[in-house]
Amino acid sequence: LQTRMQSLQPDPKAQYRSVYGALKKMVLTEGLWRPLRGVNVTMMGAGPAHALYFACYEKMKKSLSDIFQSGGNSHLANGIAGSVATLLHDAVMNPAEVVKQRLQMFNSPYTSVLGCVRTVRRTEGLAAFYRSYTTQLTMNVPFQALHFITYELLQEHLNPLRLYNPGSHVVAGAVAGAVAAAATTPLDVCKTLLNTQENTALSSLNIRGHLSGMANAFSTVYQLGGLPAFFKGVQARVIYQMPSTAIAWSVYEFFKYFLTKQALEKKP
């Protein structure tokens with residue numbers, strides 16, 4: 001839904017007024033499973049990407065907190081750790097995101113993940129899978145910095161003893177995701193344009209070849225829709241990120257608690 005609603009010049013058959021309206025229209029005209037298109041490539045990338053992401057975050061948060069605020073919780077350390085972890089995460093997820101968004105577009109010419117990978121590689125080269133990497137980082141570094149700082153700040157108030165508390169992890173995760181998602185929507189719109197290379201939009205401005213670079217993406221989005229275009233899909237983005245970050249944090253905190261408990265019980 002987010003990919004479709006961020007389209008700058010959508011097909012008349014794919015123009016949506018709301019998230020619910022988009023979902024209903026997509027299911028009725030394209031089938032029940034259409035909204036889940038691209039889930040397989042996301043799952044393939046998410047495992048290794050999040051393993052690197054949380055491992056790097058925990059290690060850096062501890063090391064930097066000892067430097068900035070020994071024995072305490074430093075928000076600066078949390079922000080830096082989240083930003084560095086994003087570099088590793090996006091290096092794995094960016095190609096998956098390119099394939100996913102191309103599969104999700106209205107009237108997508110791609111029918112499978114492998115077919116999409118082969119076609120993009122043959123026609124645009126391997127660089128196409130990382131065309132939006134710098135844009136992704138430009139978006140995700142502030143996103144993750146805001147996300148981690150907000151999450152840790154809320155944990156200080158909701159769970160000051162830092163015990164395993166599912167309720168506080170869900171609430172803090174959801175709020176952190178919503179704040180970060182809303183603030184970085186303009187960058188996400190630019191990333192979607194770079195990933196999808198939306199033909200109709202680029203043709204209307206007589207842009208030939210492939211669009212690349214954050215500056216070009218910003219300029220193109222502004223020319224096509226002005227300032228409101230930078231917030232296309234913001235509602236879908238926030239609705240997506242709230243449960244996404246809530247689930248991620250609650251599952252992560254559970255396994256952290258479970259594995260730590262197991263390790264402590266094994267000690268003599």
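Residues numbered from 1 in each chain as written. Predicted model: local features only at pLDDT ≥ 70, side-chain atom pairs only at ≥ 80, totals over all residues. Heavy atoms only, no water.

For the protein chain, the name recorded in an unreviewed UniProt entry is Mitoferrin-1, with Cinclus mexicanus as its organism. Listed in UniProt under the heading Subcellular location (unreviewed entry), the comment for the protein chain reads: "Mitochondrion membrane". Under the UniProt heading Catalytic activity (unreviewed entry), the note attached to the protein chain is "Fe(2+)(in) = Fe(2+)(out)". (UniProt positions renumbered as here; feature names shortened; annotations may be inferred.)

If you walk through the whole model with that rule in mind, you get 12 salt bridges. Its salt-bridge partner being E58, residue K256 comes within 3.0 Å of it at the nearest N-O pair. Placement of the pair is K256 in helix α11 (residues 234–266) and E58 in helix α3 (residues 39–68), with a sequence separation of 198 residues. Two residues, R131 and E124, come together in a salt bridge whose shortest N-O distance is 2.9 Å. Taken together, the shared-partner salt bridges in this structure form one network comprising E97, K100, D188, K191 and R237. (Salt bridge = Lys/Arg side-chain N within 4 Å of Asp/Glu carboxyl O. Helix = DSSP H or I, 4+ residues; strand = E, 2+ residues; numbered from the N terminus.)

Quick look at the layout of surface pockets now. Each pocket or cavity is described by its volume, and for the largest pocket that value is around 1,500 Å³. T42, K100, Y240, Q241 and S244 are, among the 45 residues lining the largest pocket, the residues nearest its centre. Those elements that provide at least two residues to the lining of the largest pocket are α1 (2–5), α2 (19–30), α3, α4 (75–104), α6 (133–158), α8 (185–196) and α11. Counting residues per element, the lining of the largest pocket draws most heavily on α11, which supplies 12 residues. Of the residues that constitute the lining of the largest pocket, the class distribution is 21 nonpolar, 15 polar and 9 charged. Volume-wise, the second largest pocket comes out at about 590 Å³. Considering the residues around the second largest pocket, the lining is formed by 30 residues, among which M105, T196, Q197, E198 and N199 are closest to the centre. Those elements that place two or more of their residues in the lining of the second largest pocket are α1, α8 and α9 (199–204). Here the lining of the second largest pocket is composed, by residue class, of 11 nonpolar, 14 polar and 5 charged. (1 Å grid on protein atoms, 1.4 Å probe; cavity = no way out; pocket = protein on both sides within 12 Å on 5 of 7 lines; lining within 4 Å. Points joined across faces, edges and corners; volume = space filled by probe spheres on them. Nonpolar A, V, L, I, M, F, W, Y, C, P; charged D, E, K, R; others polar.)

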